[in-house]
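Secondary and tertiary structure notes
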Amino acid sequence: MSEAAVKTAARRPRPKYLSLQALLFEIRLPVTGWISILHRISGALLFVSMVWLLWMLDRSLSSEAAFEKIKHYAGLWPVKLSLLVLIWAYCHHFCAGIRYLFLDLDKGIDLATARLTSWIALGVSFALTAALGWKLW
Amino acid sequence: MVSRVVTGAHYGLRDWLAQRITAVIMAVYSVIAVFVLILIEPITYVVWRDLFDQGWMRVATLLFAVSLVWHAWVGVRDILMDYIKPDGLRLGLQVGTLLVIASYLGWSIQILWR
């Protein structure tokens with residue numbers, strides 16, 4: 001290959017880099033893509049929220065008075081709402097994660113099945129969130 | 001014949017596998033935990049404390065915590081590698097993540113064996 005040809009090849013447009021901005025605003029995601037990005041977002045959210053959850057576990061096990069305080073605290077509506085969001089994040093991460101384990105085993109990798117299981121993961125995670133939320137309050 | 005030169009640090013497969021194994025451990029713990037919580041209802045302080053006083057619960061929860069931080073390390077590092085391009089910033093965030101992970105684990109042990 002001549003030097004000129006090498007230079008032309010270097011200037012050829014490269015595949016688009018999937019930036020967060022591109023994912024959010026430029027590419028219309030199919031349902032499988034939504035499952036994927038929500039898996040990331042829910043995982044990151046759970047990681048940063050761990051400090052709060054550990055604090056509540058710590059307090060609730062320290063004494064009876066502290067336990068009652070945490071019980072009261074968990075009943076406040078902003079706390080309840082935040083906990084519900086975290087329950088959703090956990091359920092979504094759980095359901096989508098099980099789906100990924102099957103995909104890793106080459107199960108359900110054709111497009112129709114992959115889309116169907118994505119909808120199932122979304123639906124089941126919302127149903128589980130509702131059930132656990134109802135059970136808690 | 002094209003000879004393929006393999007480059008990189010070779011931690012990919014190990015981490016990929018670790019993330020999946022820890023996921024299964026956490027999934028099993030989660031399902032058991034939900035059933036245990038439903039069984040011991042209504043949860044008062046004494047019921048709650050007695051649950052975490054039992055050896056099997058402490059060990060199972062420790063296994064869950066170790067799985068969680070290992071799993072989270074692989075996940076958070078993937079996110080940082082995908083979105084944070086400046087090397088110095090990425091390294092700083094990765095070190096910060098490791099410190100947070102070590103703190104979470106230390107705190108969990110302290111809560112379980114108080």
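Structural data are supplied above this passage.
First things first, this report covers the structure right here in the doc. (Residues numbered from 1 in each chain as written. Chains lettered and ligands numbered in written order. Predicted model: local features only at pLDDT ≥ 70, side-chain atom pairs only at ≥ 80, totals over all residues. Heavy atoms only, no water.)

This paragraph deals with the overall build of chain A. Across its full length, chain A holds six helices and zero strands. Burial statistics for chain A: of 137 residues in total, 31% are counted as buried. Long-range pairs, those at least 24 residues apart, make up 74% of the contacts in chain A with a sequence separation of at least 6. Carbon and sulfur atoms make up 70% of the accessible area of chain A, which totals about 9000 Å². (Helix = DSSP H or I, 4+ residues; strand = E, 2+ residues; numbered from the N terminus. Buried < 20%, exposed > 50% of the residue type's maximum accessible area, 1.4 Å probe, protein only. Contact = heavy atoms within 4.5 Å. Areas by Shrake-Rupley, 256 points an atom, 1.4 Å probe, with all protein chains shown as cover.)

Our focus in this paragraph is the pattern of salt bridges. Residues and elements named next belong to chain B. For the structure shown, the criterion picks out 10 salt bridges over all chains. The closest approach of N and O atoms between Arg77 and Asp15, which form a salt bridge, is 2.8 Å. Note that Arg77 is positioned in helix H3 (residues 55-83) and Asp15 in helix H1 (residues 12-39), a separation of 62 residues in sequence. Accessibility expressed as a relative area gives 7% for Asp15, which makes it buried. Residues Asp87 and Arg90 are paired through a salt bridge, measuring 2.9 Å at the closest nitrogen-oxygen approach. One end of the pair, Asp87, and the other, Arg90, are both in helix H4 (residues 87-112), three residues apart, so they sit about a helical turn from each other. (Salt bridge = Lys/Arg side-chain N within 4 Å of Asp/Glu carboxyl O.)

Another aspect to go through is the side chain of Gln19(B). All names here are of chain B. For Gln19, the location among the structural elements is in helix H1. Judged by relative accessible area, Gln19 falls into the buried class, the value being 16%. Setting aside residues no more than four positions away along its own chain, Gln19 makes contact with His71, Val74 and Gly75.

All names here are of chain B. Together, Leu13, Trp16, Leu17, Ile21, Ile25, Val59, Leu63, Ile109 and Trp113 make up an exposed nonpolar region whose accessible area comes to about 860 Å². Counting only elements with at least two residues in the nonpolar patch, the list comes to H1 and H3. The element contributing the most residues to the nonpolar patch is H1, with five residues. Turning to its location among the elements, Ile25 is positioned in helix H1. (Patch = residues over 30% accessible without salt bridge, like charges linked within 9 Å, V, L, I, M, F, W, Y side chains within 5 Å.)

Glycine aside, the phi torsion of most residues is negative, and most peptide linkages are trans. The omega torsion across Glu41(B) and Pro42(B) is -10°, close enough to zero to call that bond cis. Note on placement: Pro42(B) falls in the loop between H1 and helix H2 (45-53). Positive phi outside glycine occurs at Asp106(A), with the angle close to 65°. Mapped onto the elements, Asp106(A) comes out in the loop between helix H5 (77-104) and helix H6 (111-136).

A word on the interface of chain A and chain B. Listed per partner, the contact involves 29 residues of chain A and 34 residues of chain B. The contact between chain A and chain B buries some 2700 Å² in all, and 69% of this surface belongs to carbon and sulfur atoms. Counting the surface chain A buries against chain B, the share from its top three residues, Arg40(A), Phe47(A) and Leu61(A), is 27%. For the pair chain A and chain B, the interface holds four salt bridges. Where Glu41(B) meets Lys135(A), a salt bridge forms, and the shortest distance between an N and an O atom there is 3.7 Å. On the surface where chain A and chain B come into contact, there are 10 residue pairs in polar contact (both at pLDDT 80 or more). (Buried area = accessible area lost by both parts, 1.4 Å probe. Polar contact = N/O pair within 3.5 Å; in protein donor to acceptor, adjacent residues only side chain to side chain.)

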